[in-house]
Amino acid sequence: WQRLCQHLANFAATKLGAIAACDLDIPRARDRSLELLTQTKEICHLESKLPGGISLEGIHDISNAILRSQKQGVLSPEELWQVATTLAGARNLRRSLDSVDGCPQLQALVSDLRTYPEIEQEIYRCIDEGGTVLDRASEHLGHLRAGLRQVRDRIFNTLQGIMQRRHNAVQENIITQRGDRYVLAVKAPQKDQIPGIVHDASSTGMTVFVEPHAIVPDNNKLRQLARQEQAEIEIILRRLSEQVASVAEDLYRLLEIVTEIDLAIARARYAYWLGANPPSFVE
């Protein structure tokens, strides 16, 4: 039985289904066996009717994220994005099942799905696929980001002017950073030509990294704005995490339903691979 379960796990479409497939119990009652067989038959029917078969694309195991949100934890942008794609994937699954006749049991199963499109869309509005919190997530964040760009541009313009005027003292014609401070790579013997704060030196000692006095106030301003930006991002992520926590029980139920359907998909695809036929029960 354990080997059979492991084989079945290979045909699951999600991590949730694969984990569940490895730890299945043998049904205790004939009615439960018949229910599972009906699910498998319905999936076989759907796979033949739907172009590309049943899709569980976008669905992730978000159980840990749900639990942390319930404990007032702040979810990462990546975790929130997975919550949003899981909600979208579950809704698309329900739409696919509802579009085809001949699968009443699966349709009854997904009728319990609550997919909260408003939470999904709010996450998409605030976060992109790469896990970046977007400027539009809040008006204050947009203003902070605009201020950061202005100060950074001013620093770059000042440093480029210094490099042009003191090109003989500059080791490399690039602007770099040490910590969160913008600096120039200056030839050590000529560092006095660019007065400023020395933050670091190369391993050979031939290059020092100088923060010119002219940009110290702007570097300080940049650090201050960056701290305010992180504080605002924390506020946004906390607000989204609280929305996830507010529907936690429905999200757990969503994962249960999706897992049950994924197991039915795995059974149907394993059956197809085996060239198997449904059994007939006798009294």
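Just so we're clear, the structure is a prediction, and the values are computed from it rather than from any experiment.

## Points about the side chain of Glu232
Okay, so step 1: Looking at the secondary structure, you find Glu232 in helix α9 (residues 216-246).
Okay, so step 2: The side chain of Glu232 is buried and forms no salt bridge, while Arg239, the nearest opposite charge, is found at 7.2 Å.
Okay, so step 3: Setting aside chain neighbours within four positions, we find Glu232 in contact with Ser138, His140, Leu141 and Leu144.

## With respect to the pairing of strand β2 (residues 181-187)
Okay, so step 1: Of all the seven residues making up β2, six are buried; the element is thus mostly covered by neighbouring parts of the structure.
Okay, so step 2: Hairpin connection of strand β1 (residues 170-178) to β2: two residues between the antiparallel strands, including Gly179 at a positive phi of 65°.
Okay, so step 3: Of the strand pairs in this sheet, β2 and strand β4 (residues 207-212) are connected by four bridges, and their pairing is antiparallel. When the bridges of β4 are listed, Leu184 appears paired with Val210.

## Quick word on the packing of aromatic side chains
Okay, so step 1: Taken as a whole, this structure holds five aromatic pairs when the rule is applied.
Okay, so step 2: Aromatic pair Phe156 and Tyr182: ring centres 5.2 Å apart, planes at 75°, arrangement edge-to-face. In this pair, Phe156 is assigned in helix α8 (residues 139-165) and Tyr182 in strand β2, connecting sequence segments 26 residues apart.
Okay, so step 3: Linked through ring pairs, Phe11, Tyr270 and Trp273 together constitute an aromatic cluster.
Okay, so step 4: Across from the ring centre of Phe209, 3.8 Å away, lies the NZ or CZ of Arg178, which sits over that ring.

## Digging into the nonpolar core
Considering soluble globular proteins, one finds that nonpolar side chains tend to be buried as a cluster.
Okay, so step 1: Counting 49 residues, the largest nonpolar core has Leu46, Ile127 and Ile261 as the members making the most contacts within it.
Okay, so step 2: Listed by contribution, the elements that provide at least two residues to this core are α3 (30-49), α4 (63-70), α5 (77-98), α6 (104-110), α7 (117-126), α9 and α10 (248-274).
Okay, so step 3: Sequence-distant contacts of Ile127, defined by excluding residues within four places in its chain, comprise Pro77, Leu80, Trp81, Thr132, Val133, Leu134, Leu237 and Leu240.
Okay, so step 4: Core analysis: the next-biggest nonpolar cluster, separate from the first, contains 19 residues, Leu148, Leu159, Met163 and Val170 among them.

## Looking at a nonpolar patch on the surface
Okay, so step 1: A cluster of nonpolar residues, Trp1, Leu4 and Ile26, forms a patch on the protein surface that exposes about 310 Å² of accessible area.
Okay, so step 2: If you trace the backbone, Ile26 turns up in the loop between α2 (15-21) and α3.
Okay, so step 3: With relative accessibility at 49%, the residue Ile26 sits in the partly exposed group.

## Structural notes on the sheet that holds β4
Okay, so step 1: Across the sheet, which stays open at both edges, the four strands sit in the order β1-β2-β4-β3 with antiparallel pairing between neighbours. Looking along the sheet, the strands with just one partner apiece sit at the ends: β1 and β3 (196-201). Sheet twist, expressed as the average angle between the axes of neighbouring strands with direction ignored, equals 35°.
Okay, so step 2: By the bridge criterion, five bridges tie β3 to β4 in an arrangement that is antiparallel. Of the residues in β4, the one forming a bridge with Ala201 is Val208.
Okay, so step 3: The sheet strands contacting α8 are β1, β2 and β4, and the helix crosses β1 at an angle near 160°.
Okay, so step 4: Set on the sheet, α9 makes contact with β2, β3 and β4; between it and β2 the angle comes to about 145°.

## Focus on the pattern of salt bridges
Okay, so step 1: One pass over the structure, following the stated rule, counts 18 salt bridges.
Okay, so step 2: The partner of Arg114 in a salt bridge is Asp250, with the nearest N and O atoms 3.4 Å apart. Placement of the pair is Arg114 in the loop between α6 and α7 and Asp250 in helix α10, with a sequence separation of 136 residues.
Okay, so step 3: In this structure, Lys191 and Asp192 form a salt bridge, with 3.8 Å as the shortest nitrogen-oxygen distance.
Okay, so step 4: Several salt bridges share partner residues, and in doing so they unite Asp135, Arg145, Arg149 and Glu229 into one network.

Rules used throughout
- Residues numbered from 1 in each chain as written.
- Predicted model: local features only at pLDDT ≥ 70, side-chain atom pairs only at ≥ 80, totals over all residues.
- Heavy atoms only, no water.
- Helix = DSSP H or I, 4+ residues; strand = E, 2+ residues; numbered from the N terminus.
- Buried < 20%, exposed > 50% of the residue type's maximum accessible area, 1.4 Å probe, protein only.
- Lys, Arg positive; Asp, Glu negative; His and termini not counted.
- Salt bridge = Lys/Arg side-chain N within 4 Å of Asp/Glu carboxyl O.
- Contact = heavy atoms within 4.5 Å.
- Pairing = 2+ DSSP bridges.
- Phe/Tyr/Trp six-rings, centres within 6.5 Å; stacked < 30°, edge-to-face > 60°.
- Lys NZ or Arg CZ within 6 Å of the ring centre and 35° of its normal.
- Core = buried A, V, L, I, M, F, W, Y, C linked by side-chain atoms within 4.5 Å.
- Patch = residues over 30% accessible without salt bridge, like charges linked within 9 Å, V, L, I, M, F, W, Y side chains within 5 Å.
- Areas by Shrake-Rupley, 256 points an atom, 1.4 Å probe, with all protein chains shown as cover.
- Axes fitted to C-alpha atoms, helices over the stretch in contact; angles between N-to-C directions.

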